[in-house]
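# Descriptive structure summary
Letter by letter, the chains look like this.
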Amino acid sequence: NDLCSACHKNVMAGKVRVHGPAAAGACGACHQAHVAQYPKLLVAKGRELCLGCHAEMKRQIDQAKVKHKAVEADCLTCHDAHASNYPMQTRQPPLQLCTSTCHEKVKTAATASKYKHSVILADQACLNCHTAHGGELAKLMRTAPVNLCMKCHDKKVDAPGARVIESAPEVLDPVMIKHGPVSQGNCGGCHDVHGSNVSRLLAKPYSEGFYEPFSLDKYEMCFDCHNKQLVLMRTTSTVTGFRNGSMNLHYVHVNKVRQGRSCRACHSTHASTNSMHIRDSVPYGSWKLPIQFTPTKTGGSCLTGCHRQFAYDRVKALP
């Protein structure tokens with residue numbers, strides 16, 4: 001070590017995370033002293049040199065169903081062979097390392113969006129959710145996306161601006177009837193998990209209010225999947241089952257110049273105990289406004305905090 005350091009003075013340069021062979025002064029573990037077949041007098045080429053010692057990592061990579069493209073190149077793309085100031089001798093902290101040359105779109109979403117996801121910016125950043133080398137799941141996820149999300153969102157989360165993000169335990173409740181993306185364990189179906197310009201990290205606008213003057217752009221989130229004719233057709237026999245005869249009751253509730261009901265006025269966005277994700281109640285100021293929906297074979301009824309009991313029937317319209 002002293003002999004090599006007489007010339008190669010800045011190999012470790014006072015850095016705090018030193019690679020094992022360098023810390024032990026075992027330069028010969030990686031370099032030939034006199035001549036070699038490979039540049040820098042290395043005893044092997046690229047990742048083959050690293051995996052010659054890191055056998056367990058080699059097994060993990062070989063067995064991984066999904067491999068990180070960077071791993072198939074050179075370990076030195078991400079790691080410093082001698083020393084670093086970061087864990088595992090990475091060249092930069094995780095967020096900077098992942099986004100500086102490869103994942104630039106993620107960097108923009110994480111750092112420039114109006115609403116930032118704190119888990120992307122803190123601690124291990126990208127590695128909170130992704131495995132760096134390879135794994136069994138798409139996008140190198142550490143575990144199923146819904147399980148990752150619920151590590152934090154099983155309880156209320158304090159957000160900037162004195163906002164509180166409500167918990168969503170219903171997402172994992174086996175008794176609940178799940179909304180499509182939730183039933184697939186795919187929180188990313190509606191949320192931009194890295195960062196968004198829409199509140200609640202949503203991919204598209206979705207009203208936070210109970211009332212909403214009707215405009216299709218206020219419902220972009222829902223109509224990304226659902227047929228917008230639900231709220232555009234006054235009468236129908238096919239578009240929706242929520243109709244009294246041919247009167248489209250979605251249109252009646254939503255398509256109003258003033259005080260149209262937003263989707264969240266009747267539907268739970270994640271899961272519900274009722275079919276079609278009908279809520280038991282909905283927040284209306286400090287009051288939990290009841291809905292009391294009762295289905296029938298050809299319709300149903302509601303006895304809500306908005307009006308007296310009304311019933312509807314798809315086959316024979318009720319007064």
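Treat the numbers as computed from the prediction; the structure is a model and nothing was measured. Residue indices follow the written sequence of each chain, beginning from 1 at its first position. In view of the model being predicted, local features appear only for residues whose pLDDT reaches at least 70, and side-chain atom pairs are presented and counted only at 80 or more, with totals across whole chains, interfaces and linings using the full set of residues. For the side-chain quantities, the full set of heavy atoms in the structure was used; hydrogens and water were omitted.

### Here we look at the overall build of the protein
Helix numbering and strand numbering both begin at the N terminus, where a helix is a DSSP run of H or I of at least 4 residues and a strand a DSSP run of E of at least 2. Check the secondary structure of the protein and you find 11 helices and 17 strands. As defined in this context, the radius of gyration uses C-alpha atoms, and a globule is described by 2.2 Å times the residue total to the power 0.38. At 28 Å, the protein has a C-alpha radius of gyration far larger than the 20 Å of a compact globule built from 319 residues. In terms of principal-axis extent, the alpha carbons of the protein reach across some 95 × 40 × 30 Å. Contacts are assigned to residue pairs that have any heavy atoms within 4.5 Å of one another. The long-range fraction of contacts in the protein, counting pairs at least 24 apart against all pairs at least 6 apart in sequence, stands at 41%. A residue counts as positive if it is Lys or Arg and as negative if it is Asp or Glu; His and the chain ends are not included. The location of each charge is read from NZ of Lys, CZ of Arg, CG of Asp or CD of Glu. In the protein, 39 positive and 23 negative side-chain charges are present, and the distance between their average locations comes to 6 Å.

### What about the sheet that holds strand β17 (residues 310-313)?
Pairing between two strands is assigned when DSSP locates at least 2 bridges connecting them. Read across the sheet, 3 strands follow the order β15-β16-β17 without closing on themselves; strand pairing throughout is antiparallel. Since the sheet does not close on itself, it has two edges, and those belong to β15 (293-295) and β17, each with one partner. Strand-to-strand twist of the sheet, defined as the mean angle between neighbouring strand axes without regard to direction, takes the value 15 degrees. Sheet topology places strand β16 (residues 299-302) next to β17; 4 bridges connect them, and they run antiparallel. In the strand pairing of β17, Ser301 is matched with Ala311. Here an axis means a line fitted to C-alpha atoms, over the contact stretch when the element is a helix, while the angle between two N-to-C directions is reported on a 0 to 180 degree scale.

### Here's the deal with the packing of aromatic side chains
Geometry of aromatic contacts follows a simple scheme: Phe, Tyr and Trp rings, the Trp one being its six-membered ring, pair when their centres are within 6.5 Å, and the pair is stacked under 30 degrees between planes, edge-to-face over 60, tilted otherwise. Overall, the coordinates contain 6 aromatic pairs when judged by the stated rule. With centroids separated by 5.1 Å and ring planes inclined at 80 degrees, the aromatic side chains of Phe242 and Tyr312 adopt a geometry described as edge-to-face. Remark: Tyr312 occurs in strand β17 and Phe242 occurs in the loop between α10 (220-223) and β10 (243-244); sequence separation between them is 70 residues. Three or more aromatic residues link up through ring pairs in this structure, and these residues are Phe210, Tyr211 and Tyr284.

### Focus: the packing of helix α3 (residues 46-53) against helix α4 (residues 55-63)
At a minimum axis distance of 5 Å, the contact between α3 and α4 shows a crossing angle of 115 degrees. Contacts between α3 and α4 involve Arg47, Leu51 and Cys53 from the former and Ala55, Met57, Lys58 and Ile61 from the latter. In terms of residue class, the contact of α3 with α4 is made up of 5 nonpolar, no polar and 2 charged. All amino acids are sorted into three groups, where Ala, Val, Leu, Ile, Met, Phe, Trp, Tyr, Cys and Pro are nonpolar, Asp, Glu, Lys and Arg are charged, and the leftover types, Gly among them, are polar.

### A look at the environment of Val257
Locating Val257 in the fold gives a position in the loop between α11 (249-254) and β12 (271-272). Apart from the residues within four sequence positions on either side, Val257 is in contact with Pro213 and Phe214.

### Section: the state of the cysteines
We call a pair of cysteine sulfur atoms a disulfide whenever their separation is within 2.5 Å. Per the stated rule, a full pass over the model turns up 0 disulfides. No disulfide involves Cys190; its sulfur sits 6.6 Å from that of Cys225, the nearest cysteine.

### Looking at the pairing of strand β13 (residues 281-284)
It is a general feature of regular strands that their side chains alternate between the two faces of the sheet. Summarising the sheet, β13 and strand β14 (residues 287-290) pair through 4 bridges and their orientation is antiparallel. Paired with Val282 across the strands is Leu289, a residue of β14. Hairpin geometry of β13 and β14 is characterised by an intervening segment of 2 residues between the two adjacent antiparallel strands and by a positive phi of about 65 degrees at Gly285.

### Focus on unusual backbone geometry
Unusually for a residue other than glycine, Ala125 sits at a positive phi of about 50 degrees. Topologically, Ala125 is positioned in the loop between α7 (118-121) and β5 (134-135). The backbone of Arg200 sits at a positive phi, close to 65 degrees, despite the residue not being glycine. Secondary-structure assignment places Arg200 in the loop between β9 (195-196) and α10. Using a relative accessible area of 31% as the deciding quantity, one classes Arg200 as partly exposed. Each residue is assigned to one of three classes by its accessible area relative to the maximum for its type, calculated with a 1.4 Å probe on protein chains only: buried under 20%, partly exposed between the two thresholds, exposed over 50%.

### What about the nonpolar core?
It is characteristic of soluble globular proteins that their nonpolar side chains tend to be buried jointly. Residues Phe242, Leu249, Ile278, Ile291, Phe293, Cys302 and Tyr312 constitute the largest nonpolar core, which totals 7 residues. In this view, Phe242 contacts Met247, Asn248, Leu249, His250, His253 and Tyr312; residues no more than four positions away in its chain are not counted. Residues belong to one nonpolar core when they are buried, are Ala, Val, Leu, Ile, Met, Phe, Trp, Tyr or Cys, and are joined through side-chain atoms within 4.5 Å. Grouped together as the second largest cluster of nonpolar side chains are 6 residues, Ala168, Val171, Val182 and Cys187 included.

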